[in-house]
Amino acid sequence: MVDHVIETEHLKMIYPGGLEAVKDLSIKVRRGEVFGFLGPNGAGKTTALNMMVGLLKPTKGRTLIDGEEVKPWSKTVKEKIGIVPQETILWENLTCTENLMLLANLYEVPKEEGQARTARLLEELQLTDKADARAKALSGGMKRRLNLAMGLVNEPDVILLDEPSPGLDPQTRRVLWEYIADLPKKGHTLILTTHDMDEADYLSDRVAIIDNGELLVLDDPRKLKASVGEGDVLELAFDEGADLHKAADDFASLGFIISANVTAGRVVIRTKDAMSRLPEVFEFVKEHDSEIRDVRYRGNTLEDVFIDLTGRALRDGD
Ligand SMILES: Nc1ncnc2c1ncn2[C@@H]1O[C@H](COP(=O)(O)OP(=O)(O)OP(=O)(O)O)[C@@H](O)[C@H]1O
Ligand SMILES: [Mg+2]
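Residues numbered from 1 in each chain as written. Chains lettered and ligands numbered in written order. Predicted model: local features only at pLDDT ≥ 70, side-chain atom pairs only at ≥ 80, totals over all residues. Heavy atoms only, no water.

Peer 1: Would you mind going over empty space enclosed by the protein with me for this structure?
Peer 2: To find leftover empty space, a probe the size of one water molecule is rolled over the atoms. Evaluated as defined, the whole model comprises two cavities of 30 Å³ or more. Lining the largest cavity are Val84, Arg144, Leu148, Leu161, Pro164, Leu176 and Ile180. At the level of secondary structure, the elements contributing two or more residues to the lining of the largest cavity comprise helix H5 (140–152) and helix H6 (170–182). Each residue belonging to the lining of the largest cavity can be placed in one class, and the counts come to six nonpolar, no polar and one charged. (1 Å grid on protein atoms, 1.4 Å probe; cavity = no way out; pocket = protein on both sides within 12 Å on 5 of 7 lines; lining within 4 Å. Points joined across faces, edges and corners; volume = space filled by probe spheres on them. Helix = DSSP H or I, 4+ residues; strand = E, 2+ residues; numbered from the N terminus. Nonpolar A, V, L, I, M, F, W, Y, C, P; charged D, E, K, R; others polar.)

Peer 1: Looking at this model, I keep getting lost on the sheet that holds strand S15 (residues 292–298). Mind explaining?
Peer 2: What links the strands of a sheet is backbone hydrogen bonding, and the strands pair in either a parallel or an antiparallel sense. Spatial ordering of the open sheet is given by S13-S14-S12-S15, a layout of four strands whose pairing is antiparallel. Edge positions in the sheet fall to strand S13 (257–263) and S15, since each has one partner strand and no second. For this sheet the average axis-to-axis angle between neighbouring strands, irrespective of direction, equals 20 degrees. For S13 and strand S14 (residues 266–271), the ladder comprises six bridges, and the chain directions are antiparallel. Counted as the bridge partner of Asn261 is Val268 from S14. (Pairing = 2+ DSSP bridges. Axes fitted to C-alpha atoms, helices over the stretch in contact; angles between N-to-C directions.)

Peer 1: Where do I start with the coordination of the magnesium ion (ligand 2) in this structure?
Peer 2: Under perfect tetrahedral coordination by four donors, a metal shows angles of 109.5 degrees; under perfect octahedral coordination by six donors, it shows angles of 90 or 180 degrees. The coordination sphere of the magnesium ion (ligand 2) contains the protein donors Thr46 (OG1) and Gln86 (OE1), at a distance range of 2.0 to 2.2 Å. Taken together, the positions of Thr46 in helix H1 (residues 45–52) and Gln86 in the loop between strand S7 (81–84) and helix H3 (96–106) put the pair 40 residues apart, joining distant regions of the chain. Here Thr46 falls in the partly exposed class, since its relative accessible area comes to 26%. (Donors = N, O, S within 2.8 Å, 3.2 Å for Na, K, Ca; no water. Buried < 20%, exposed > 50% of the residue type's maximum accessible area, 1.4 Å probe, protein only.)

Peer 1: Where do I start with the pairing of strand S1 (residues 4–14) in this structure?
Peer 2: Remark: a regular strand shows side chains that alternate across the two faces of the sheet. Where S1 lies against strand S3 (residues 28–30), three bridges are found, and the strand directions are antiparallel. Bridged to His4 within S3 is Arg30. Note: S1 against strand S5 (residues 60–65), five bridges, orientation antiparallel. Within the sheet, the bridge partner assigned to Glu7 lies in S5 and is Leu64. Taken together, the three bridges between S1 and strand S2 (residues 20–25) define a ladder with antiparallel strand orientation. The partner of Met13 across the bridge, within S2, is Val22. The antiparallel pairing of S1 with S2 creates a hairpin that spans five residues between the two strands, and Gly17 there sits at a positive phi of about 110 degrees.

In structure tokens:
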């Protein structure tokens, strides 16, 4: 039997003013998995997360953690959940160590244990040499990592990460991804939100795609990608002024093309064995007195899944 650590039942949030930010969210998070919410800006990810941990009272519905209903600021939540909010929150005038120790105190972690955890977390998140630096003297990426450490200091069963890596350089992002990916091995369950399809794909065991407050689909990222269709994708950029929709229609008439669409200013064609078809594609374009400026070749991504479901690109929402 699958062991669920969190279960939401018909969560709904209507903000004052009438905006329905989350419509009817029922999900079950498995113990020990990385569960990703993927959706564009404003999809309702933060709202959903905040309701799940009792920071925001739902208009309707409820959340169960280990079968117990979440109440705002309840002991269960405090003991079992660690949340790393989207907006970095630190005490700017305290050092890294002091920030962590202050939080350990709030969580009533015994002092020596708190010190040991603080030292370990600083080490794991590569902040040891900044242990005695004030938070205000850290770079943005370091602040983000300190914030993650602060969410872990009470060693919660479930960790919620709201957009773990915006603004990080690619290398720091990788370090953070590796660290996050390891957390389930240490017994944690992870729930994260992101509008970055690569992040969702790399980290999540299962992904819930949400848009306009609605859960569109929930599955293993590999299965989601496979569901979009067979074949590989070629993204073609044309010179300015080209009629992209006509180009897509022309491509669609070719026998070996599975589908052709226009997305984010490019003609996106799907075909089996795309690489070997490239000469034919170029020839075809030339025959139509057009010119290709740039070609990208790739397999399916979660972005394709999003486009398939909504007709829009995720990145359009950025
Ligand atoms: N306190 C609030 N009062 C009114 N509307 C709000 C409030 N907080 C969020 N919203 C609205 O609810 C919708 C969902 O917002 P939310 O922050 O949950 O989205 P998100 O998916 O986390 O987006 P992002 O990727 O930008 O973080 C948005 O339209 C937003 O403007
Ligand atoms: Mg958000």
